[in-house]
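Structural overview for review
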Amino acid sequence: MNLTLAVPALPARSNYRFDLSRPILLAFAAALCMLIMLPLSWLVYFSFRDRAGGLTLDNFVQLVTDQTFLDPLVTTVILATSSATICCLVAAPMGWLVARTDMPLRKTVRALVTASFVTPPFLGAVAWELLAAPNSGLLNKVFRTVTGAESDEYLLNIYSLPGLIFVISCYTFPYVFVLVANALDRIPGDLEDASSILGGSAWTTARRVTVPLAMPAVLAGALIAFLQAMTLFGSPAILALPAGFHTMTTKIWSLFQYPPKLELAAAASLPLLVLTVALLRAEAVILGRRGYSVVGGRQGDSRRVPLGRWRWAALAAAFLVLLNPVFLPYGALLNAVFSRVPSEFVWFDNLTLHNIEFVFFELSATGIAFRNTLILCTSAATIGTVMAVVIAYMTSRKAIAWHKALGFLATAPVAVPGIVLGVALFLTYTRPPFVLYGTLWILLIAFITIALPAAYQQLQSAFRVINPDLEEASRILGATRLGTLGRIIAPLLRTSVIATWCFIFIGVIRELSAAVMLFTSDTKVISVLIFDLNESGDLGAIAVLGIIMLVFTFAVVILINRIPGFGGVRLRNT
Amino acid sequence: MPDGNISRRTILKASGIAALSAFASPIRAEAPEPTTITPALIEAARKEGKVIYYTSIDLPVSERMGKAFEAKFPGIAVRVERTGAERIFQRIGQEYASNIHAVDVVNSSDASHFIVWKRDGLLAPFVPEDVAKHLPVEQKDPDGLFASFRASLSVIGYNTRLVKAEDAPKSFADLLDPKWAGKMVKAHPGFSGTIMTATYEMSRDIGWAYFEKLAKQRVMQVQSASDPPKKLALGERAVMIDGNEYVLLQLKESGRPVEPVYPVEGSPMIVGPNAVFKAAPNPNAARLFQCFCFGPECQQLVVDFGGMRSFHGQVAEKPGRQPLAGIKVMKEDPAAVEKMSEEIKAHYTKIFRV
């Protein structure tokens, strides 16, 4: 359906390429500017204003002198650095195991990493509350039962900075994993073979060939992990307050409390924005060097390192890691769905369907939240995919002048953290000329903006592998441009288009950081509903909604995985 | 229990929550004529088909109220928009600033919000018959813009599995004992109207210095005043410093191991008024719902099921609960909270660092 929406749109434009190129460029450039330049301009504008509207630097002065801002800043830096380190230490070896060894169940491990990839970080945080709250956490209860420790002793305390670092790492390590595993997938085995033929031992080969080749990906992964941990809102929003501190994102959010300090929120968003841009530049530089690693081209399958009897130990280690983002949290949520007391193990005496009944028959916001989420997921995925297809076509076929600028604009939003985008969109669309606050449009704009970079990159690489010769051959043989696009390009692009659509869909389901700034009672989505339920500690209801969310997500993920030849696309955390 | 009722109301008056009369603006208009539920009103409400209730009342209670209304007036759906009172206030302000009129009826546990809404001319003059007949005069706005829907206390509480009754704290002062360090949970005035009100009353009666000492006790901080009782019931913390008495009573009566303590310094009194918005998108359903809220049926529901206190003359307290008459309370003063709320939040954030 979406495909048929997307594809016929192209030929009409391409037919009159020379006549229409300028208006098309202008239309898309204008749309992209609206999406990204306009909100960011307002953000910068407001950060230099006082409450009365006068020009001032006070917001920035307060940012660097006020202890209540410096503390979150320091906390955020510690958080991001530690998470990035942990992610690399865990994900890089795992990526190697999956990409380069004969460890069993490699596909399953990859699928499970995808599962932690798509788990909303706020949901993971709630699940870890159920598991590792110092007194009521299930794991601590098990610990006390096993060791006979006192009722106030505990093994884990999730309400702490290390606890938050841990939870963030759980849902950030997939970024490093995917980068490393994909890079190692691409490294041709013959380089390693050459090393061993020349007499290098397995260790020497690893040290002098594999590790240096994988290093850029690990470094880039570390930067991305740092970035994600720094801009993440979902997990800190659940855990930071009980732990007694703020991160930059929760601090920005708290500035929306009455009386809202929007100018200060704008000023506090700018450092996050600047840092993100800088880190992404660094990542591009690091990954840009990767070119040398595939000089020889790919010659058949990469060689796999035989692990021998360590195969199963490696698998056990991988599953031990995956226990944290996937098995334990999902188990805790499922337990909470059916338990009268969310932090008690379900047994016959406390089994209940009350939580499910509450969510579906008492909670009056459920219906509207589901409806809004579904509308937004579908429309953001559809519009986002269409936009990505058109822009990718124009840039990859150089269909119009200035196509590079279009590509740049389409990728630019990747540098805007969700919470910053939320603040910026709020500032933009609560005032003339575009008053969209209170409608689903503002959320739609937010979600499309967030999704566009990944969607565009995905489709651009899809176009790149389709040789224009095919189109030309078709034309020479007498087909019209429309026919060519319909019969040659559309079938070739189909998988990428569907995959992109699904990815936007999943991304929208789990988005919280922008949505929490932009929703009203009529435009509530499930993630915000969960966030509100968390405020009053309704863990049972959260568990029900969370499990439904995961079921939805996995239905889509499974659909993607059925698409042959689908590569990794970068999702971002919320 | 006529005697109980009289003494309860006497106490409510004596305790000075009657400060509601301070809400009155200098220019006194007459309150509108009381409204009864008529078939015409029901018909008009049914045409609108729904009512949106912004409230800070804990979800299970507010949704139960909604279901009771829907059962009584089929065809009119109640949508409950629940969040902490301070966030409700912020949300309505934000929505109205963008000309979004989504709220029909509001209930907030921070009574000072009604002073602001009244001053800004956002509320509709509307007096349900029950308010006129059965609510004490101090519990209603003289101009008929709002009236006290419910009252509750912010109390200390403990988990009976983790703390023996004889070891339980008796006062706020007891909570400073090092033995409670790391074992207490507390809600936040930036989210909860109950806690905003309670923080004002406590800072006035026992001083900010108390909070400074309390902050050294490694307190677990949560948002809503409904959450500390739930954290107690989970066994996550042994003692709650503040939080809704009504949620604690619900949990206790459903067999969970929790027990309220009415501190010797006095329990902060929290009154939650209800009001209809002038620009309500469903004006008739809003008025019908407001009438329903103050009727004896709904008032008894929030007492019996909800664990709250009612000002309605025909509503009886639930047997087995500590009658309000026997509890020392801290007086509330919405006008003062209104003036000081920003300062209270800033001061609190400085002390507790969140």
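Residues numbered from 1 in each chain as written. Chains lettered and ligands numbered in written order. Predicted model: local features only at pLDDT ≥ 70, side-chain atom pairs only at ≥ 80, totals over all residues.

Let's talk about unusual backbone geometry
All names here are of chain A.
- Here the bond from Y258 into P259 is cis, since omega is -10°, no more than 30 degrees from zero.
- Considering the arrangement of structural elements, one finds P259 in the loop between α12 (248-254) and α13 (262-288).
- Despite not being glycine, L105 has its phi angle at roughly 55°, a positive value.
- Assignment of secondary structure puts L105 in the loop between α4 (67-100) and α5 (106-118).
- Residue classification places L105 among the partly exposed residues on the basis of 15 C-beta atoms within 10 Å. (Helix = DSSP H or I, 4+ residues; strand = E, 2+ residues; numbered from the N terminus. Buried ≥ 20, exposed ≤ 12 C-beta atoms within 10 Å, placed from the backbone.)

Notes on the domain arrangement of chain B
All names here are of chain B.
- Domain boundaries assigned for chain B yield domain 1 (2-152 + 270-325) and domain 2 (154-268 + 339-352).
- With centres defined by C-alpha atoms, the gap from domain 1 to domain 2 works out at 26 Å.
- Each side of the interface is counted separately: domain 1 has 17 residues, and domain 2 has 21 residues.
- A total of three residues in the side of domain 1 that touches domain 2 trace back to one element, the largest contributor, which is helix α4 (residues 85-97).
- Considering only residue class, the side of domain 1 that touches domain 2 consists of three nonpolar, nine polar and five charged. (Domains from an automatic or database assignment. Contact = placed C-beta atoms within 7 Å. Nonpolar A, V, L, I, M, F, W, Y, C, P; charged D, E, K, R; others polar.)

Section: the interface of chain A and chain B
- Taken together, the contact pairs 37 residues of chain A with 41 residues of chain B.
- Every element with two or more residues in the side of chain A that touches chain B is listed here: α4, α11 (234-243) and α23 (526-535) of chain A.

Here we look at the environment of G121 of chain B
Residue and element names in this part refer to chain B.
- With respect to the helices and strands, the residue G121 is situated in the loop between α5 (112-119) and α6 (129-134).
- G121 sits in the exposed class, given 8 other C-beta atoms within 10 Å.
- Along the sequence, G121 and P169 sit 48 residues apart, while their C-alpha atoms lie 45 Å from each other.

Considering the packing of helix α6 (residues 121-132) of chain A against helix α7 (residues 138-147) of chain A
Residues and elements named next belong to chain A.
- In contact at an axis separation of 4 Å, α6 and α7 are set at 15° when each is read in the N-to-C sense. Comparing the axis directions of α6 and α7 gives the class roughly parallel. Contacts between α6 and α7 involve L130, L131 and A132 from the first element and L138, L139 and N140 from the second.
- Residues of the contact of α6 with α7, tallied by class, amount to five nonpolar, one polar and no charged. (Axes fitted to C-alpha atoms, helices over the stretch in contact; angles between N-to-C directions. Parallel < 35°, antiparallel > 145°, perpendicular 65-115°, else oblique.)

What about the environment of L275 of chain A?
- With respect to the secondary-structure elements, L275 of chain A resides in helix α13.
- When the C-alpha positions of L275 of chain A and V416 of chain A are compared, they lie 10.0 Å apart, and in sequence the two are 141 residues distant.

Thoughts on the sheet that holds strand β8 (residues 239-240) of chain B
All names here are of chain B.
- Pairing is mixed across the open sheet formed by five strands, whose spatial order is β7-β6-β8-β5-β9. The open sheet has two free edges, formed respectively by β7 (220-221) and β9 (258-261), since each of these has just one partner strand.
- Two elements, strand β5 (residues 156-159) and β8, share two bridges in a ladder whose sense is antiparallel. In the strand pairing of β8, G157 is matched with M240.
- Contacting β5, β6 (184-186), β8 and β9, helix α9 (residues 227-234) runs over the sheet at an angle of about 20° to β5. (Pairing = 2+ DSSP bridges.)

Notes on the pairing of strand β4 (residues 146-153) of chain B
Residues and elements named next belong to chain B.
- Counting buried positions over the eight residues of β4 gives eight, a clear majority of the element.
- Pairing between β4 and strand β10 (residues 267-276): seven bridges, direction antiparallel. By the bridge assignment for β10, A147 is matched with N274.

Describing the confidence of the model for chain A
All names here are of chain A.
- When the pLDDT values of chain A are averaged, the result is 86; 91% of them are 70 or greater.
- Of the regions scoring below 50 in pLDDT, residues 290-298 engages in 12 contacts with residues more than four places distant in sequence or in other chains.
- A low-confidence stretch, residues 567-574 (pLDDT under 50), is modelled with 26 contacts involving residues beyond four sequence positions or located in other chains. (pLDDT = per-residue confidence, 0-100.)

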